[in-house]
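Breakdown of the fold
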Amino acid sequence: MRGFTLSSRSNKEFLYHILEQVIQAGATTITIADTVGFNLPTEFGKLIADIKANTPGIDNAIISTHCHNDLGLATANTLAGAYAGARQLQVTINGIGERAGNASLEEVVMALNCRRELLDGMYTGINTRHISMTSKMVQEYSGLHVQPHKAIVGANAFAHESGIHQDGMLKYKGTYEIISPSDIGLTHVNDSGIVLGKLSGRHAVRSMLVELGYEISDNEFEEFFKRYKEVAQKKKRVTDEDIKALLSDEVFKPKVIWSLVDVQATCGTLGLSTATIKLITLNGEEKIGCSVGKGPVDAAYKAIDQVVQIPTVLGEYSMTSEGVDAIAMTRVVITGDVSKKEHALTGQHINNRAFSGSGASTDVLVSSVRAYMSALNKMSNFIGDLRSGNEAPESMSIQTTNE
């Protein structure tokens, strides 16, 4: 497929002429981009319709849309373009992208799915039951979490708090739910009444994972279940948030190049904070590092740096916890230290690209160390990908068809 891209703000007569020429030259996909999210849906839809009506040879090419969300209209513009004749829609999961983001895959797909009668019967062929899981996976890998009121995949998307809404839901769920949670692979957690604890078995835990929207392989589940049992022994009840934190730490993790074996720290008012760390390499070699720091976490991170020898800068550090005995969820963002241009072990050049990592544990220090190790493993994997020449695609497209 040979493509060509033009901005929606181009002069129309010039646009028709250029499109005619590139189609004659062999372009089979024409992308019309609202690059700064400036158009209103009526404008963008009319632009696509005008292109179809005034561009010689346009029937030999597919019109594609690429809409940004600067005015919060990316999804609306994308749907307007589809209605006017576009048959390829460029979107991103969770709407992530430059500035305010791009058109959201889950919003566009579910709008097409729900309102097909008004959109000429267009459909995508996407299995919508994977949307919830995919959204969660992208959040964990990218470190970009969606706001609670995000359409389709936000935490509040299917939550009903007001009395009149709850009454309506109890009588008939369709009153206030235009989409069933199961349509995107999500079920209401309270439907089963399961409460997890230290005596819960594999079946109950797996059922809860399914209700929370997670589908993982048998091997991943066994690894997760080991961590679950460790946590359940320390708590009376394992909450939904605990489950999500454990999944983030155990399942959604990069290829492990450095593994944490042990960490020990001392801190307080009587002396310097010190930390000792034991890591194991990909080939099974154990390495130990010791350091002092401004606190136990700082000391542990410096001890890790001693061992791993990747020049990094800690850009962000945050931790959330629901209570004294809850699992602490730590997230960090690191970048390559631009003052040190090469990886100490591989000699590979490092830029200031950011890598996020998350970790979970009932111990705050362990949670912090796991998050840092996760980010370092991502950076190490990225360095390996650069060496092999692998690149990830920047966005994805939806190919729409008619019944």
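Refer to the structure above for everything that follows.
All values reported here derive from a predicted model rather than from experimental measurement.

1. A word on the packing of aromatic side chains
On inspection of all chains with the given rule, the structure shows four aromatic pairs. Ring centres of Phe225 and Tyr228 lie 5.9 Å apart, and the angle between their planes is 25°; this geometry places the pair in the stacked category. Note that Phe225 and Tyr228 are positioned in helix 8 (residues 218-232) at a spacing of three residues, about one turn of the helix. When sorted by exposure, Phe225 lands in the same class as Tyr228, which is buried. Arranged with centres 4.0 Å apart and planes meeting at 10°, the rings of Tyr301 and Tyr372 form a pair that is stacked. Taken together, the positions of Tyr301 in helix 10 (residues 296-308) and Tyr372 in helix 11 (residues 364-388) put the pair 71 residues apart, joining distant regions of the chain.

2. Details of the sheet that holds strand 10 (residues 354-361)
The sheet built from three strands is open, its strands ordered 8-9-10 with antiparallel pairing. Among the strands making up the open sheet, the edge pair consists of strand 8 (312-320) and strand 10. Here the average twist between neighbouring strands, direction ignored, is 20°.

3. A closer look at the nonpolar core
Counting 38 residues, the largest nonpolar core has Ile30, Ile32 and Ile51 as the members making the most contacts within it. Elements supplying a minimum of two residues to this core: helix 1 (12-24), strand 2 (29-34), helix 2 (41-54), strand 3 (62-67), helix 3 (74-84), strand 4 (88-91), helix 4 (105-114) and helix 5 (131-142).

4. Topic: the sheet that holds strand 6 (residues 273-280)
With respect to topology, three strands assemble into an open sheet ordered 5-6-7, the strand pairing being antiparallel. Two strands close off the open sheet at either side, each with one partner strand: strand 5 (259-266) and strand 7 (286-293). Each neighbouring strand pair of the sheet contributes to a mean axis angle of 15°, computed without reference to strand direction. Inspection of the sheet shows strand 6 paired to strand 7 by eight bridges, in the antiparallel sense. Residue pairing across strands places Leu279 opposite Lys287, the latter belonging to strand 7. Strands in contact with helix 10 are strand 5, strand 6 and strand 7; relative to strand 7, the strand with the most contacts, it is inclined by about 140°.

Quick notes on the rules
Residues numbered from 1 in each chain as written. Predicted model: local features only at pLDDT ≥ 70, side-chain atom pairs only at ≥ 80, totals over all residues. Heavy atoms only, no water. Phe/Tyr/Trp six-rings, centres within 6.5 Å; stacked < 30°, edge-to-face > 60°. Helix = DSSP H or I, 4+ residues; strand = E, 2+ residues; numbered from the N terminus. Buried < 20%, exposed > 50% of the residue type's maximum accessible area, 1.4 Å probe, protein only. Pairing = 2+ DSSP bridges. Axes fitted to C-alpha atoms, helices over the stretch in contact; angles between N-to-C directions. Core = buried A, V, L, I, M, F, W, Y, C linked by side-chain atoms within 4.5 Å. Contact = heavy atoms within 4.5 Å.

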